[in-house]
Amino acid sequence: MLTVAEALDRAQMLCDAATRAGADAADALYYCNAATSVSMRLGALEDVERSEGQDISLRVFVGQRSASVSTADMDPGELAGLVERCVAMAREAPEDPYAGLAPETLLFKGTVPDLDLDDASEADPEALRAAALAVEEAARAVVGVTNSEGGSASHSRTRFALATSHGFAGGYGASGHSLSASVIAGEGAAMQRDYGWHSAHHLSDLESAGDIGARAGTRAVARLTPGRAPVGKVPVIIDPRVGGSIVGHLLGAIAGPAVARGTSFLLGKEDRQLFDSGIVIRDDPHRPRGLRSRAFDGEGLPTAARDIVASGRITGWLLDTASARQLGLEPTGHASRGGGASGVSASNLHLAAGTVTPEALMADVAEGVYITELIGQGVNPVTGDYSRGASGFVIRDGAMAGPIAEFTIAGNLIDMFAALIPADDLEFRHATNVPTLRIDGMTVASS
């Protein structure tokens, strides 16, 4: 695997070649990954996978025309041909008044800080096999677990480098470790499955195999013999492992491209208090060891911590350069890059904890539902209408009273945001973290 410096050299050489070939401006992104994973099932080795890949993407601008190409072939002759093709494509592309690199005056400057994303580890197949076996054994040890879909452990190393023709060059490396188990409880038509997993940049931060496996087994057994959900408008409480999707819908609505296209349900509502005044949602790209930590965005602009919701109000849109130009605003350092044009993404997100325990949050619920799984993507980004399949537990007289399945929850995201109440159990485990959430007044329907 290349070092970060070597990755930067490769991106810079391609970028320089594009300007020599006639491009007015260009940027190049290099990405490589090496991953090893081991899967065990019923105590036996099921699969060992080793993958290594690299990709380089070039984006060029000829006036207001642009084109993008990418390849995994690093042969010098292939790369020279790639540059020529990309410039030729750009000359034939339609003009876009918003196309172009990020403003040079706004580029990240200085040394990329060490966000501690790489523990310098190398893949150890024997250790991965032992971890995968341990996580599955812990799950199968739970009374009531009858079968297993397996345990798996993985290790990865990545390198990312971005260079532009107007002076930016930056890159970083990261390591990754993950552990998961999926098991089945019950027999025949009454079987239920569930899972547990965790991932981290540093092996020392990874949750133990025993805890992950026990959680998978306990969750599967708890789902046995589901009943019917109550129907009508009732309080809904959402488990932290699925509550992050609510924040995801907010992000989609404040993303610059959606706003510029007029396809966001929050258009015209940017000055409105959407949440309770105590709600804070924070984007923190510089968190050490954060799963989405980054010092610069996909266009070379600096990133910074920001409350995207403060005192219950959104603080503005998340903008890449193109959407910022279209809206007459400044880019916010939220551009993301893949193989082509930039998009928009946040980094490490969390919804700040509330002041009451999850138990207190449901204490006054005479009848409601507790959601542990959401199914489907029934959300309209233009209207905010929300309808998704779900499973979880019924709440009666302030406590969970048994599993339920095959029901839907529905509402509108504007109303859901206004009714949202967080508990105090926030933990930083994923890229998006939320505490237990309560939303009153959602419509529950059962098949």
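Asks: Residue-level account of the sheet that holds strand β13 (residues 349-351), with values.
Replies: Pairing in this open sheet of 5 strands is mixed, and the strands run β10-β9-β8-β13-β18 from one edge to the other. Two strands in the sheet have a free side with no partner beyond their single neighbour: β10 (313-314) and β18 (432-433). Bridge count for strand β8 (residues 281-283) against strand β9 (residues 306-310) is 3 bridges, and the pairing is antiparallel. Its bridge partner being in β9, D283 is matched across the sheet by R306. Each of β8, β9, β10, β13 and β18 is contacted by helix α5 (residues 240-254), which is oriented at about 100° to β9, the strand it contacts most.

Asks: A description of the packing of aromatic side chains should follow, citing residues and the corresponding values.
Replies: Taken as a whole, this structure holds 8 aromatic pairs when the rule is applied. Look at F265 and F417: their rings are 6.2 Å apart centre to centre, the planes differ by 40°, and that puts the pair in the tilted class. Within this pair, whereas F265 is found in the loop between α6 (256-261) and β8, its partner F417 is found in helix α9 (residues 413-419), the two being separated by 152 residues in sequence. Comparing F265 with F417, the two get one shared label, buried.

Asks: Describe the pairing of strand β2 (residues 44-62), and please don't skip the residues or the numbers.
Replies: By the bridge criterion, 17 bridges tie strand β1 (residues 25-41) to β2 in an arrangement that is antiparallel. Pairing of A34 across the sheet is with E52, part of β2. Counted along the chain from β1 to the antiparallel partner β2, the turn is 2 residues long, and its residue L42 has a positive phi close to 55°. With 7 bridges connecting them, β2 and strand β3 (residues 65-71) associate as antiparallel partners. What sits directly across from V60, in β3, is A67.

Asks: Tell me about the side chain of N348, and name the residues and values.
Replies: By secondary structure assignment, the location of N348 is in the loop between β12 (343-344) and β13. A polar side-chain atom of N348 sits 3.3 Å from the main-chain amide nitrogen of L291. At a separation of 2.9 Å, a polar atom in the side chain of N348 contacts the side chain of S293. Not counting the four nearest positions on each side in its chain, N348 is found in contact with R282, D283, D284, P285, R287, G290, L291, R292, S293 and A431.

Asks: Account for the pattern of salt bridges, with residues named and values stated.
Replies: Counting across every chain of the model gives 20 salt bridges. The closest approach of N and O atoms between E78 and R85, which form a salt bridge, is 3.2 Å. With relative accessibility at 24%, the residue E78 sits in the partly exposed group. By relative accessible area, which is 42% here, R85 ends up partly exposed. A salt bridge links R241 to D194, with the shortest nitrogen-to-oxygen separation between them at 3.0 Å. One end of the pair, R241, is in helix α5; the other, D194, is in strand β6 (residues 192-200), with 47 residues separating them in the sequence. The class of D194 is buried, set by a relative accessible area of 2%. Linked through salt bridges whose partners overlap, the residues forming this network are D118, E122, R157 and R159.

What counts, and where the lines are drawn
- Residues numbered from 1 in each chain as written.
- Predicted model: local features only at pLDDT ≥ 70, side-chain atom pairs only at ≥ 80, totals over all residues.
- Heavy atoms only, no water.
- Pairing = 2+ DSSP bridges.
- Helix = DSSP H or I, 4+ residues; strand = E, 2+ residues; numbered from the N terminus.
- Contact = heavy atoms within 4.5 Å.
- Axes fitted to C-alpha atoms, helices over the stretch in contact; angles between N-to-C directions.
- Phe/Tyr/Trp six-rings, centres within 6.5 Å; stacked < 30°, edge-to-face > 60°.
- Buried < 20%, exposed > 50% of the residue type's maximum accessible area, 1.4 Å probe, protein only.
- Polar contact = N/O pair within 3.5 Å; in protein donor to acceptor, adjacent residues only side chain to side chain.
- Salt bridge = Lys/Arg side-chain N within 4 Å of Asp/Glu carboxyl O.

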